[in-house]
Amino acid sequence: MLFRRIYQFMIVYAVFLGILLVVKKGLSLSDYVIPGLPLILETAVHMSTGFFTDVMDTLSVAILGQGISIFLAFFVGILGRKSSWAGSMIRVTAYNIQAYPIVALAPIIFILLGDGFLSRLLIAAMICYFPLLLSVLGVMAAPVEDIEHFYIATGRMRWQLEVKIRAFENLSKLTTVIAGSATLAMAGTIVAEFIAANAGIGYSIRIALYQSNLAAILTALFMIGIVISVYQGILETLGEMLKAKWGSENKGGLL
Amino acid sequence: MRLECSGLNFAYPESETMVIQDLRFAMDGPGFHAVFGPSGVGKTSFAKLLANYRSRPELPIQTSGIGTILYTYNLERLPAWSSTGRHLDRVCPADRQDLKKALIDIFQLGPVVGARFSQLSMGQQNRMNLIRYLLQDFDLLILDESLANVDEKLRQTILLAVKELFSHKMFLYISHNLMEVARFCKDILVLTQPSRKKPSKIVSGQDDTSIPVLEKPSLDRVMLEVMNAF
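Residues numbered from 1 in each chain as written. Chains lettered and ligands numbered in written order. Predicted model: local features only at pLDDT ≥ 70, side-chain atom pairs only at ≥ 80, totals over all residues.

A. Seen up close, the overall build of chain B. The secondary structure content of chain B amounts to seven helices and nine strands. Across its three principal axes, chain B shows a C-alpha extent of roughly 50 × 45 × 30 Å. Looking at chain B residue by residue over its 230 residues, the buried ones come to 39%. When contacts within chain B are restricted to residue pairs at least 6 apart in sequence, those whose partners lie at least 24 apart make up 70%. (Helix = DSSP H or I, 4+ residues; strand = E, 2+ residues; numbered from the N terminus. Buried ≥ 20, exposed ≤ 12 C-beta atoms within 10 Å, placed from the backbone. Contact = placed C-beta atoms within 7 Å.)

B. Structural detail: the environment of B:Pro199. Relative to the helices and strands, B:Pro199 is located in the loop between strand 8 (187–190) and strand 9 (201–204). Considered as a pair, B:Pro199 and B:Gln136 are 63 residues apart in the sequence and their alpha carbons are 35 Å apart.

C. Main features of helix 3 (residues 85–98) of chain A. Residues and elements named next belong to chain A. Given a rise of 1.5 Å per residue, 14 residues ought to cover 20 Å, and the 20 Å separating the end C-alpha atoms of helix 3 matches this to within 8%. For helix 3, the complete set of buried residues consists of Ile90, Arg91 and Ala94. For helix 3, the buried positions fall inside an angular range of 95° around the axis, keeping them on one side. In helix 3, those exposed residues whose orientation departs by more than 90 degrees from the buried face are Trp85, Met89, Val92 and Asn96. Looking at the buried side of helix 3, the elements it contacts are helix 2 (37–79) and helix 5 (117–140). (Expected span 1.5 Å × (residues − 1). Arc of directions from axis to C-beta.)

D. Quick peek at the nonpolar core. Residue and element names in this part refer to chain A. If you look at the biggest cluster of nonpolar residues, it comprises 55 residues, and the most contacted ones within it are Ala124 and Leu133. Listing elements by their share of this core, those giving two or more residues are helix 2, helix 3, helix 4 (106–113), helix 5, helix 8 (171–196), helix 9 (201–210) and helix 10 (214–246). Looking at this core element by element, the count peaks at 16 residues for helix 5. With near-sequence residues (within four places) excluded, Leu133 lies in contact with Ala73, Val76, Gly77 and Ala94. (Core = buried A, V, L, I, M, F, W, Y, C linked by C-beta atoms within 7 Å.)

E. Layout of the sheet that holds strand 3 (residues 31–36) of chain B. All names here are of chain B. Taken together, the six strands give an open sheet; going across it, the order is 5-6-7-3-8-9, and neighbouring strands pair in mixed fashion. Unpaired on one side and paired on the other, strand 5 (69–73) and strand 9 mark the two borders of the sheet. Looking at each pair of strands side by side, their axes are set apart by 20° on average, direction ignored. Bridge count between strand 8 and strand 9: four bridges; the pairing is antiparallel. Opposite Ile188, over in strand 9, you have Val203 as the bridge partner. (Pairing = 2+ DSSP bridges. Axes fitted to C-alpha atoms, helices over the stretch in contact; angles between N-to-C directions.)

F. Spotlight on the packing of helix 4 of chain A against helix 8 of chain A. All names here are of chain A. With their axes 10 Å apart at the nearest point, helix 4 and helix 8 run at an angle of 60° to one another. Pair helix 4 / helix 8 crosses with right-handed handedness. Contacts between helix 4 and helix 8 involve Ala106, Pro107 and Phe110 on the former and, on the latter, Val191, Ala192, Ile195 and Ala196. (Left-handed = near helix turned anticlockwise from the far one by under 90°.)

G. Highlighting the sheet that holds strand 1 (residues 2–10) of chain B. Residues and elements named next belong to chain B. Here three strands make up an open sheet; going across it, the order is 2-1-4 and the pairing antiparallel. With one partner strand each, in any of the chains shown, strand 2 (20–28) and strand 4 (61–64) form the two edges of the open sheet. Ignoring which end each strand starts from, the neighbouring axes of this sheet average 5° apart. Sheet topology note: the strand 1/strand 4 ladder contains four bridges and is antiparallel. Counterpart to Cys5 in the pairing with strand 4 is Ile61.

Just geometry here; none of it tells us what the structure is for.
This is the structure in structure tokens:
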């Protein structure tokens, strides 16, 4: 899973770079517009260590933001699972808010909180929170009747048990959504850094953009791609391990 | 113990087709009773109505001497997070540990109590599910195809053991196996399609308590009576 993610990214990156170089050659563009392969390699050698540190900085904010959004999504999802008016209100509100492009709120956050760690964290968490919340709400609001029937009929059903049953029955869906939200968290953090942060890979790309340094931008993109591939690969592998250990899939389905 | 139904009608919301029409019958005493009929005749609908009739006072169902009614069906599952044995431990009252062990033995599930539910065959899953219901407090247990996918010999063993161990309880056994219903059940409620305008009726079964003695003419008579009822 992990290595597949990395080599898939390498292939996509190589194709993208190849297209850029073909365009450069086809339109006879100068190194100032699209740098040649030697210049890209030279830039990568010089800047990769610094960019790697920046990506790790961004990733750490993204992971923290993702963690907060997972916690909040489960908290609100569990509260909103009931068919009471409160549950319905939470679900309708979540559906409506998620339809709004959250990233457009970023300037307000920077005005209120300034361009530091907290703004990046908040934007990362907000961007991956709503898709996560919708999935968690969907899972938690759907009864697993063939399992829950016994506990309801015998008076054993408690909210903790209900949540546990629904989470375990949808382990595959939840782990996929959580692994997928890693990209959203990373994108949110980078967008925040583009706008007004003072650290992270988004901030470094912004500086490279002001210098029209495409080689540096390509190096940064490569670093982002590799790191996010590794992170997502780790999340997916953990998800697979969880499913193998706790999942409810019938083993006969393998046949 | 008495279960009585005096003119039950039922149609699903926004449907004009009656599933159950003017159902009238009475069943007395503990033991194995049955609900029999072709597919789609309303057996499961009736079972679900009966299981929840106390929350719907408008239903013309009366019971006496019956407190807790439980309903179990053959597609139920146990959660996936631990072994079936551990699930049984958690839902088994402390004073019924010996009964649990006896049931596991009779239902021939000893070798698989350490396995997760998804690792069991369909027959094993149904047996495991039935055990946990038998360990609960109940006066009437409705078994809706609860022994489906279990081989005939073991099914007979289980039915006879349950009849013996729970002789003071009432069971309503829903099955498509005519011979089994005719042999092992006391009263057989034969449901008919409301469109056929033929009233549902009670047929007396053989209520056998052991396997070896098989009175074929008598069994044939019961089976013919059931078949002629719908």
